[in-house]
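Notes for the structure review
So the chains spell out like this:
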Amino acid sequence: MEIHILAVGDVVGEPGLRHLERHLRPLQKLKDIAFTVVNGENASGVGLTPDQACRIYDAGADAVTLGNHTFGKMQIRDFLEDTPWLLRPANYTGRAPGRGCGIFERNGFSVRVVNLIGRCDLHWGGENPFTTADALLKRGTAEVTVVDFHAEATSEKLAMGYYLDGRVSALWGTHTHVPTADERVYPKGTGYITDLGMTGPVESVLGVEPWQSVEHFLGGLPGRYRSPEGPCKLQGAVFTVDTATGLCTAVERVDVR
């Protein structure tokens, strides 16, 4: 059986969250989506609240992944412990609340979702994401395994793709908010894209008011970052996966405006 897995790039601010709520279910219907993973770590700009996590889930996400801003809003701490569909990077320190991997049962198949964070230029001291992936793939079984690798360096994401090729169904990058044009199926059958992009304002710098970002680079004090109002985009990718083999047969970028 072939199924379609939708991965949605980082939701940024209230405008991005509203755009997701408006467009996710129509997109799922259009693309015949069986399972959806949404990265939600920027729903509050830096982090997200339990209410925002629930809005992403209610909009149609089956799993919500996070990244380096997981604890940007500390009220998410207990919610992470109590909510199996909300995942933070698995290679955070073992003292961090929450989980970084979940197995979700659906009609006729199961999906393992793994959330990892890179170490290149993300200075927070995480455990090795490569060896963490090895350990997680030994826990439980699922017909389909997908990985959200929240990382800065394209080289680290590409290397992880080759490292897990043939062992996971799909791997996509998040964090940089700019979609890459390298969607492909690796030689051993893993679907891949270096970065999904973001869900948020079109006229922005990575979801931030443009002139605030300019002021930052000029050396000024831009204040708390804001997401501008105006037209938004929902960016991501659809991975076609054969549940008999657990491997990917096609990858398609999506951009809904």
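Note: the structure precedes this text.
Further remarks concern the nonpolar core. Across soluble globular proteins, you tend to see nonpolar side chains buried next to one another. Within the largest apolar cluster, 48 residues are counted, with the highest numbers of intra-cluster contacts made by L20, I56, L86, V113, V146, W172 and F239. Non-local contacts of V146, meaning those with residues more than four positions away in its chain, are made with I5, V37, V111, R112, V113, V114, A170 and W172. Core analysis: the second largest hydrophobic core is formed by 16 residues, L137, V147, L171 and Y192 among them.

Let us now look at the layout of surface pockets. Volume-wise, the largest pocket comes out at about 740 Å³. Taken together, 29 residues form the lining of the largest pocket, with N42, G45, L206, V208 and Y225 sitting closest to its centre. Counting only elements with at least two residues in the lining of the largest pocket, the list comes to α1 (13-30) and α6 (210-218). Here the lining of the largest pocket is built from residues that sort into 9 nonpolar, 14 polar and 6 charged. Each pocket or cavity is described by its volume, and for the second largest pocket that value is around 210 Å³. The wall of the second largest pocket is formed by 13 residues, among which A90, G100, C101, L136 and R139 lie closest to the centre.

Here E156 is to be found in helix α5 (residues 154-164). Despite being buried, E156 has no salt bridge partner; R119 is the closest side chain of opposite charge, sitting 5.3 Å away. Only 3.2 Å separates the side chain of E156 from the backbone nitrogen of C120, close enough to count as a polar contact. Contacts of E156, omitting those with residues within four sequence positions, involve G118, R119, C120, P129, F130, F149 and A151.

Here we take up unusual backbone geometry. Positive phi, close to 55°, is recorded for D32, a residue that is not glycine. Position of D32 relative to the elements: it lies in the loop between α1 and β3 (35-39). For L206, which is not glycine, the phi torsion reads 60° and is therefore positive. Mapped onto the elements, L206 comes out in the loop between β12 (198-201) and α6.

Rules behind the numbers
- Residues numbered from 1 in each chain as written.
- Predicted model: local features only at pLDDT ≥ 70, side-chain atom pairs only at ≥ 80, totals over all residues.
- Heavy atoms only, no water.
- Core = buried A, V, L, I, M, F, W, Y, C linked by side-chain atoms within 4.5 Å.
- Buried < 20%, exposed > 50% of the residue type's maximum accessible area, 1.4 Å probe, protein only.
- Contact = heavy atoms within 4.5 Å.
- 1 Å grid on protein atoms, 1.4 Å probe; cavity = no way out; pocket = protein on both sides within 12 Å on 5 of 7 lines; lining within 4 Å.
- Points joined across faces, edges and corners; volume = space filled by probe spheres on them.
- Helix = DSSP H or I, 4+ residues; strand = E, 2+ residues; numbered from the N terminus.
- Nonpolar A, V, L, I, M, F, W, Y, C, P; charged D, E, K, R; others polar.
- Lys, Arg positive; Asp, Glu negative; His and termini not counted.
- Salt bridge = Lys/Arg side-chain N within 4 Å of Asp/Glu carboxyl O.
- Polar contact = N/O pair within 3.5 Å; in protein donor to acceptor, adjacent residues only side chain to side chain.

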